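Spelled out, the chains give:
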Amino acid sequence: MSVVVIGEVDGSAIKPASQQAAALATQLGDPLGLVFGSTDAAGKLAAPRVISVPGVEHYDSLQFATIAAQVARDSGVTSVVMAATTMGKDLGPRLAAELGWSYIADALEYDSGTWIRPNYAGKVL
């Protein structure tokens, strides 16, 4: 399975939650990183291949969804992974709608075809 992982930038670094998302993406297959804004941060995302979109510094849901959907289509990926941050929770459903895919929120792991996610304030997985 091929997957795009969207890395969120914090200055010239990748947010720790995005690094965790990259680790999950590695479990799914061969991840392709997508980083908006800082080209310096793009090299820090834990993915073997990374596409940087310079000049897009501030989050714009429509612009990010359009670009991410185009990257997903062009690269032939089957899923997109991103951190469960404010941006991720806004962009995820938009991107799923744009691509006509399903959306799963707050997943922690993927094990043999099953998504593992917290429930009841994290008391149950």
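Let us look at the structure shown here. Just so it is clear, the structure is predicted and the values come from calculations on it, not from any experiment.

This part takes up the side chain of Ser18. Position of Ser18 among the secondary structure elements: in helix α1 (residues 16–28). Not counting the four nearest positions on each side in its chain, Ser18 is found in contact with Val5, Ile6, Gly7, Glu8, Leu45 and Ala83.

This paragraph deals with α1. Along its 13 residues, α1 runs 19 Å from first to last C-alpha, staying within 8% of the 18 Å computed at 1.5 Å per residue. All buried positions along α1 are accounted for by Ser18, Ala21, Ala22, Leu24, Ala25 and Leu28. Looking down the long axis of α1, one finds its buried residues gathered within 165° of arc, a one-sided arrangement. Away from its buried face, by an angle of more than 90 degrees, α1 presents the exposed residues Pro16 and Gln20. Gly29, located one to two residues past α1, shows a positive phi value of around 160°.

It is the contact of helix α3 (residues 61–75) with helix α4 (residues 86–99), at a shortest axis distance of 9 Å, that shows an interaxial angle of 55°. Of the possible angle classes, the one that applies to α3 and α4 is oblique. In terms of crossing hand, the pair formed by α3 and α4 is right-handed. Facing α3, whose interface residues are Ser61, Leu62, Phe64, Ala65, Ala68, Ala69, Ala72 and Arg73, α4 presents Met87, Asp90, Leu91, Arg94, Leu95, Glu98 and Leu99. By residue class, the composition of the contact of α3 with α4 is ten nonpolar, one polar and four charged.

Now for the sheet that holds strand β4 (residues 30–36). The four strands lie next to each other as β5-β4-β1-β6, forming an open sheet whose pairing is parallel. Since the sheet does not close on itself, it has two edges, and those belong to β5 (49–53) and β6 (79–82), each with one partner. Along the sheet, successive strands turn relative to each other by an average axial angle of 25°, direction set aside. Two elements, strand β1 (residues 2–7) and β6, share four bridges in a ladder whose sense is parallel. The partner of Val3 across the bridge, within β6, is Ser79. Of the strands in this sheet, β1, β4 and β5 are in contact with α3, which crosses β4 at around 155°. Contacts between α4 and the sheet are confined to β1 and β6, with β6 contributing the most and set at about 170° to the helix.

How each quantity is defined
Residues numbered from 1 in each chain as written. Predicted model: local features only at pLDDT ≥ 70, side-chain atom pairs only at ≥ 80, totals over all residues. Heavy atoms only, no water. Helix = DSSP H or I, 4+ residues; strand = E, 2+ residues; numbered from the N terminus. Contact = heavy atoms within 4.5 Å. Expected span 1.5 Å × (residues − 1). Buried < 20%, exposed > 50% of the residue type's maximum accessible area, 1.4 Å probe, protein only. Arc of directions from axis to C-beta. Axes fitted to C-alpha atoms, helices over the stretch in contact; angles between N-to-C directions. Parallel < 35°, antiparallel > 145°, perpendicular 65-115°, else oblique. Left-handed = near helix turned anticlockwise from the far one by under 90°. Nonpolar A, V, L, I, M, F, W, Y, C, P; charged D, E, K, R; others polar. Pairing = 2+ DSSP bridges.

In short, the description is geometric, and any link to function would need to be established separately.
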